Amino acid sequence: MQIAMIGAGYVGLVSGACFSEFGIDVKCVDTDSGKIARLLKGEIPIFEPGLDELIERNIAEGRLEFTTDLKQAVSAADAVFIAVGTPSRRGDGFADLSYVHAAAREIAVAMTGYTVVVTKSTVPVGTGAEIERIIRDTRPDADFDVVSNPEFLREGAAIGDFMRPDRVVIGTESERARKTMQRIYRPLYLMETPIVHTSVESAELTKYAANAFLAAKITFINEIADLCEKVGGDVHDVARGIGLDGRIGRKFLHAGPGYGGSCFPKDTLALARTAQQAGAPLRIVESVIEINAERKRNMAQRVIAQCGGTVEGKTIAVLGLTFKPNTDDMRDAPSLDIVSALQAAGARVRVYDPQGMEEAKKLMDGADYCEGAYEAMDGADALVIVTEWNAFRALDLARVKQTMKTPIMVDLRNIYDPEEVRAAGFDYTCIGRPNLALEA
Ligand code: NAD
Ligand code: UGA
């Protein structure tokens, strides 16, 4: 069995490395020659825990290769996975399918023998049919089937999610393609992972429905947190109280500054646009998008309020820039809105992130990039925790207080115990928990 993985980004690299770990020969292809050159030198272009060892091992065992030569990789492949980006299209929020369509055209030209073309990228319903049309138009003689096999991994936990998924969704009408997919996912079949067989269209919709549901769940608990603050309640207790109901579930009920990342923001928008176009608008999803965008913009106001109504001329330390811990991904991170709003309000912002500094520098102008957490808070009027990296969970509070100019802490991820931080002399505020400092 040979696989060509088109696109060596977060999904392509992780999926390619994991398939090679299943014992399959995998060639990862990318148009970005710089990325492939780094991979060939043994450098991993993204931060994802465990990925370096997995890649190193499978290269050494001769099952994993990297190349810019799509033709050579595809011609030898039994299955070709498309894992290129599907960002928001500028202006209208539909998914930009130009990379997927370009990949389909290149695959069509390069295919030899029966080939299963699998979409792993998140693509709107109807894209599988469009890929089939593109390939047929380009190569009327081609022997192939198109399968939708959406990916549900999370950054930061990607290898575990891929190797031990809650389920695998395989969308195809072709028995022959299904057999190839069964061979590819054989180790997961043996582990009795639920495999959901559907049409291509249902598989495409399942991916967007899953992301939109999770985004809605987070947005729901964020609004409950806001209500807790107004009426006196603790969102942790409410989340636990509802989450223990098996119909609701405990996961994805952590209130925070709003969801970010390379997927929830763009996928909710693309789904809402598809639904509007189809004449079946998803009003819940539309509200989620609006509430979350407003929430990210408003987070800076909490900092400003805590600083007595102005941050003009003040120094604010921001810890955690990536959209979540254990990744270097800065796409749509809440920190981008928060830092720029603080700067617009006249603050000087000193920032630190364990892995995201290089990516942040490309997207965030005018911040002071520091070498560590304590350096960022040196002389600061307030400290804001935006991303819950483990490194920030057990700061030495006495040292923090000594380092800062004023002991104000705004904890947007609720990683500290309010009583403990207040007892250490901080003016502390967080999300959806009793706000004693403000009430006092
Ligand atoms: P990414 O931007 O990290 O990587 C995409 C890669 O594809 C880039 O390296 C790019 O150079 C390459 N590429 C583009 N066109 C190409 C072509 N014609 N031939 C070869 N390479 C090409 O993107 P990503 O985060 O890996 O996401 C890829 C897809 O997977 C998206 O649709 C995304 O929504 C979906 N997805 C992402 C995640 C995630 O956690 N990042 C999880 C599930 C699904
Ligand atoms: C998400 C999904 O969880 C994956 O299943 C999916 O494959 C992926 O999108 C995708 O399609 O790309 P990811 O974006 O990597 O994965 O990260 P999540 O852990 O889902 O977090 C997304 C955002 O929601 C982060 O900003 C995180 O801080 C926020 N979040 C998450 C909360 O605010 N509260 C929570 O309880 C959970």
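The structure this text deals with has already been given above.
Residues numbered from 1 in each chain as written. Chains lettered and ligands numbered in written order. Predicted model: local features only at pLDDT ≥ 70, side-chain atom pairs only at ≥ 80, totals over all residues. Heavy atoms only, no water.

A count of helices and strands for the chain gives 19 helices and 14 strands. For 440 residues, the compact-globule formula gives about 22 Å, and the C-alpha radius of gyration of the chain, at 24 Å, lands near that figure. Over its C-alpha atoms, taken along the principal directions, the chain stretches across nearly 75 × 50 × 40 Å. Put simply, the chain has 440 residues, and 55% of those count as buried. Within the chain, counting contacts between residues at least 6 apart in sequence, those at least 24 apart form 71% of the total. Total accessible area computed for the chain in this model is approximately 19,300 Å², and 50% of it derives from carbon and sulfur atoms. Averaging the locations of the 50 positively and 63 negatively charged side chains of the chain gives two centres separated by 2 Å. (Helix = DSSP H or I, 4+ residues; strand = E, 2+ residues; numbered from the N terminus. Rg over C-alpha atoms; globule rule 2.2 N^0.38 Å. Buried < 20%, exposed > 50% of the residue type's maximum accessible area, 1.4 Å probe, protein only. Contact = heavy atoms within 4.5 Å. Areas by Shrake-Rupley, 256 points an atom, 1.4 Å probe, with all protein chains shown as cover. Lys, Arg positive; Asp, Glu negative; His and termini not counted. Charge placed at Lys NZ, Arg CZ, Asp CG, Glu CD.)

Below, the discussion takes up the packing of helix H10 (residues 200-231) against helix H11 (residues 235-243). Two numbers describe how H10 lies on H11: the axes approach to 9 Å, and their chain directions differ by 135°. Relative to H11, H10 is oriented oblique. As for how H10 packs across H11, the hand of that crossing is right-handed. Counting all contacts with H10, which are made through Phe-220, Ile-221, Ile-224, Ala-225 and Cys-228, the residues of H11 involved are Val-235, Val-238, Ala-239 and Ile-242. In terms of residue class, the contact of H10 with H11 is built from nine nonpolar, no polar and no charged. (Axes fitted to C-alpha atoms, helices over the stretch in contact; angles between N-to-C directions. Parallel < 35°, antiparallel > 145°, perpendicular 65-115°, else oblique. Left-handed = near helix turned anticlockwise from the far one by under 90°. Nonpolar A, V, L, I, M, F, W, Y, C, P; charged D, E, K, R; others polar.)

Let's shift gears to the site of ligand 1. Looking at ligand 1, there are 26 residues lining it, with Val-11, Asp-30, Lys-35, Thr-86 and Lys-266 nearest. One of the backbone nitrogen or oxygen atoms of Val-11 is found 2.9 Å away from an oxygen atom of ligand 1. A distance of 2.6 Å separates an oxygen atom of ligand 1 from a polar side-chain atom of Asp-30. Looking at the shell around ligand 1, its residues break down into nine nonpolar, eight polar and nine charged. Shared between two domains, the shell around ligand 1 takes at least three residues from each, and those domains are domain 1 (2-198) and domain 2 (243-429). (Near = heavy atom within 4 Å. Polar contact = N/O pair within 3.5 Å; in protein donor to acceptor, adjacent residues only side chain to side chain. Domains from an automatic or database assignment.)

Within the structure, ligand 2 sits among 19 residues, and Phe-152, Leu-153, Glu-155, Lys-207 and Cys-263 are positioned closest to it. Between ligand 2 and the protein, one listed contact pairs an oxygen atom with a backbone N or O atom of Leu-153 at 2.6 Å. For ligand 2, the protein covers 91% of the area, taking 710 Å² as the surface of the free molecule. At the level of secondary structure, the elements contributing two or more residues to the shell around ligand 2 comprise H10 and helix H12 (264-278). The greatest single-element share of the shell around ligand 2, amounting to three residues, is contributed by H10. Mapping the shell around ligand 2 onto the domain boundaries places at least three of its residues in each of domain 1 (2-198) and domain 2 (243-429).

Here the focus is H10. Helix length check: H10, at 32 residues, gives a terminal C-alpha distance of 47 Å against a target of 46 Å (1.5 Å per residue), a fit within 8%. Downstream of H10 by one or two residues, Gly-232 has phi in the positive range, about 85°. (Expected span 1.5 Å × (residues − 1).)

Function-wise, these values are silent; they only describe arrangement.
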